[in-house]
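Coordinates in review
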Amino acid sequence: MAALVEFRNVAYRVGDRDILRGIDLSIEQNETVVLLGRSGSGKTTLLRMVNRLLEPSAGEVLFAGRRIADQDRFRLRRRIGYVIQEGGLFPHATVAQNIGLVPKLEGWAEERIRTRVAELLDAVGLQPHVYAARYPRQLSGGEKQRVGIARALAADPPLLLLDEPFAALDPVTRFEMQQHFARLSRAFGKTALFVTHDIREALMLGTRIALLKDGRLELVARADEFPGATSQEALAFLATVTQSVTSNHDA
Amino acid sequence: MLFNEIVRLSAEHLWLVAIAVVAATAIAAPSAVFLTRHARARRWTLGAVNIVQTIPSLALFGFLLPLPFIGGVGKQTAVLALILYALLPILRNTVVGITGVDSMVRESAVAMGMTDGQILRDVELPLALPTILAGVRIATVTTIGTATIAAAIGGGGLGTFVFRGIAMADTKMILAGAVPAAIMAITADEVLEWVERRFSY
Ligand SMILES: Nc1ncnc2c1ncn2[C@@H]1O[C@H](COP(=O)(O)OP(=O)(O)OP(=O)(O)O)[C@@H](O)[C@H]1O
Ligand SMILES: [Mg+2]
């Protein structure tokens, strides 16, 4: 199967500082690749190169087999769902308007947008008649995040980019959202690039895990094989999981 | 008799202010949008407009008098000076309103494939509108006050009473100009604040 996204020897430099170097990575159809790494390792920077929020200093990124540098950036972005913390919702627009934004940009008919919005609200577990007319300030953090995901899914994009979407949520809500996301991405058959620094989340949601360290890919492994990884950074991440289990036993 | 003149000069005053504020908005708001896209031009322009603001109004009127075409004693010189004063609050508030849009909101707008024009029209301007309107309100209230001085160079309006009162050492005459101007300023402030709230989200 052809890769949906492909990074070829990608680098990103600011001044004389290398933020990313020699990144080779591909994302296959229907898989979720998790970008795992410490704070400052370059995860967000790499993610933002896929929808051309940033341009690589060297190398190239391909989407659906074509160099993104040759594609119209606005059309490209409308085909890629993007989810950030708290959703980045428009505060002056209702939930329905927020979700219907990309379909509207794409020129869908009002009626079709309305149907789609209701369908998506249902899919993310929010009752349309309760939430459609609300403004973001009338939502909890978890509800905002659900709306953010619904918005990213609105025009049925072949790819989702998610940057620590659940980081600001309480542990219980986060867990629910993670499970919900896993179900959704299976149901919608989505391909996703998911950024996190949470190893549990990576293991739970990833088909494969790409581990970033200081702007380099240290390891790319299937999620079920990741716990057996022996690289130094992988061990450091894995230790945080076993460590917390041990301390539970001590208590 | 005096009452009729108060009404006439109030109307003239209001007209002067309205022209100045509308013109200043028409100039400042689009310029501010341009400035939000050009950081260097923004520093220079805001600096220059700031300097104009610090010139005492009477002195500014004095500077404009000898200018050909636009200068000279009369309404157009007065209006020009009032426009220059009204520019800054509107310019500054529009810039602040737009640059103050949450960076996450802007980022998601870009990431969803909105063009710069769409972001301006559908995201930045609606979100900045209350701040822009606050600028217009400040400009209006200030202009109502400054316009009284415009009478010194033939601008007419309520300042006519004030200057006549000063010349004749007639306190009542001064009040006949000052009180309506104050009422006008307070009313404008209230009304525009109400408009501002209506456009907050
Ligand atoms: N425009 C920029 N100018 C200078 N340095 C930058 C710029 N953008 C990012 N960096 C640096 O690049 C590195 C990677 O940043 P990035 O945001 O990609 O990290 P991250 O892995 O997403 O971290 P976090 O988990 O904290 O979000 C950081 O050290 C950051 O300071
Ligand atoms: Mg990040």
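Treat the numbers as computed from the prediction; the structure is a model and nothing was measured. (Residues numbered from 1 in each chain as written. Chains lettered and ligands numbered in written order. Predicted model: local features only at pLDDT ≥ 70, side-chain atom pairs only at ≥ 80, totals over all residues. Heavy atoms only, no water.)

This next bit is on the overall build of chain A. The number of helices and strands found in chain A is 10 helices and 10 strands. In terms of overall dimensions, chain A is globule-like: its C-alpha atoms have a radius of gyration of 19 Å, near the 18 Å expected for 251 residues. In terms of overall dimensions, chain A has a C-alpha envelope of 55 × 55 × 35 Å along the principal axes. Scored against the burial criterion, the 251 residues of chain A give a buried share of 52%. A separation threshold of at least 6 residues defines the contact pool for chain A, and within that pool the share at least 24 residues apart is 68%. Entry remark: accessible area of chain A is about 11500 Å², with carbon and sulfur atoms responsible for 48%. (Helix = DSSP H or I, 4+ residues; strand = E, 2+ residues; numbered from the N terminus. Rg over C-alpha atoms; globule rule 2.2 N^0.38 Å. Buried < 20%, exposed > 50% of the residue type's maximum accessible area, 1.4 Å probe, protein only. Contact = heavy atoms within 4.5 Å. Areas by Shrake-Rupley, 256 points an atom, 1.4 Å probe, with all protein chains shown as cover.)

So, about the environment of A:Ala229. Residue and element names in this part refer to chain A. Along the chain, Ala-229 turns up in the loop between strand 10 (216-222) and helix 10 (232-250). Separated by 10 residues in the primary sequence, Ala-229 and Leu-219 place their C-alpha atoms 8.6 Å from one another. In this structure, Ala-229 is in contact with Leu-219, Ala-234, Leu-235 and Leu-238, ignoring residues within four places of it in sequence.

A separate point is the interface of chain A and chain B. Taken residue by residue, the interface counts 20 residues in chain A and 17 residues in chain B. Interface area, chain A with chain B, both sides summed: about 1700 Å², of which 70% is carbon and sulfur. A:Arg48 is paired through a salt bridge with B:Glu107; the nearest N and O atoms lie 2.7 Å apart. At the level of secondary structure, the elements contributing two or more residues to the side of chain A that touches chain B comprise helix 2 (73-78), strand 6 (80-84) and helix 4 (101-105) of chain A. Of the residues in the side of chain A that touches chain B, the class split is 11 nonpolar, 4 polar and 5 charged. (Buried area = accessible area lost by both parts, 1.4 Å probe. Salt bridge = Lys/Arg side-chain N within 4 Å of Asp/Glu carboxyl O. Nonpolar A, V, L, I, M, F, W, Y, C, P; charged D, E, K, R; others polar.)

What follows covers the sheet that holds strand 8 (residues 191-196) of chain A. Residue and element names in this part refer to chain A. An order of 6-7-8-3-9-10 is seen for the 6 strands of this open sheet, with the pairing classed as mixed. The strands lining the two open edges of the sheet, one partner per strand, are strand 6 and strand 10. The average undirected angle you get between the axes of adjacent strands in this sheet is 15°. (Pairing = 2+ DSSP bridges. Axes fitted to C-alpha atoms, helices over the stretch in contact; angles between N-to-C directions.)

Residues and elements named next belong to chain A. By nearness alone, 13 residues border ligand 1, and Ser-39, Gly-40, Lys-43, Thr-44 and Thr-45 come closest of all. A distance of 2.9 Å separates an oxygen atom of ligand 1 from a polar side-chain atom of Arg-17. Thr-45 has a polar side-chain atom sitting 2.5 Å from an oxygen atom of ligand 1. Starting from 640 Å² of accessible surface for ligand 1 in isolation, the protein chains cover 61%. At the level of secondary structure, the elements contributing two or more residues to the shell around ligand 1 comprise strand 2 (17-28) and helix 1 (43-48). At 3 residues, the largest contribution of residues to the shell around ligand 1 is made by helix 1. Partitioned by chemical class, the residues of the shell around ligand 1 number 2 nonpolar, 7 polar and 4 charged. (Near = heavy atom within 4 Å. Polar contact = N/O pair within 3.5 Å; in protein donor to acceptor, adjacent residues only side chain to side chain.)

With respect to the helices, strands and loops of the structure, B:Thr36 is situated in helix 1 (residues 2-36). Apart from residues lying up to four places away in sequence, B:Thr36 is in contact with B:Arg42, B:Val95, B:Ile98 and B:Thr99.

Turning next to the packing of helix 4 (residues 75-99) of chain B against helix 6 (residues 116-150) of chain B. All names here are of chain B. With their axes 7 Å apart at the nearest point, helix 4 and helix 6 run at an angle of 150° to one another. By the angle between their axes, helix 4 is roughly antiparallel relative to helix 6. Judged by the twist between their axes, the crossing of helix 4 over helix 6 is right-handed. By residue class, the composition of the contact of helix 4 with helix 6 is 17 nonpolar, 7 polar and 1 charged. (Parallel < 35°, antiparallel > 145°, perpendicular 65-115°, else oblique. Left-handed = near helix turned anticlockwise from the far one by under 90°.)

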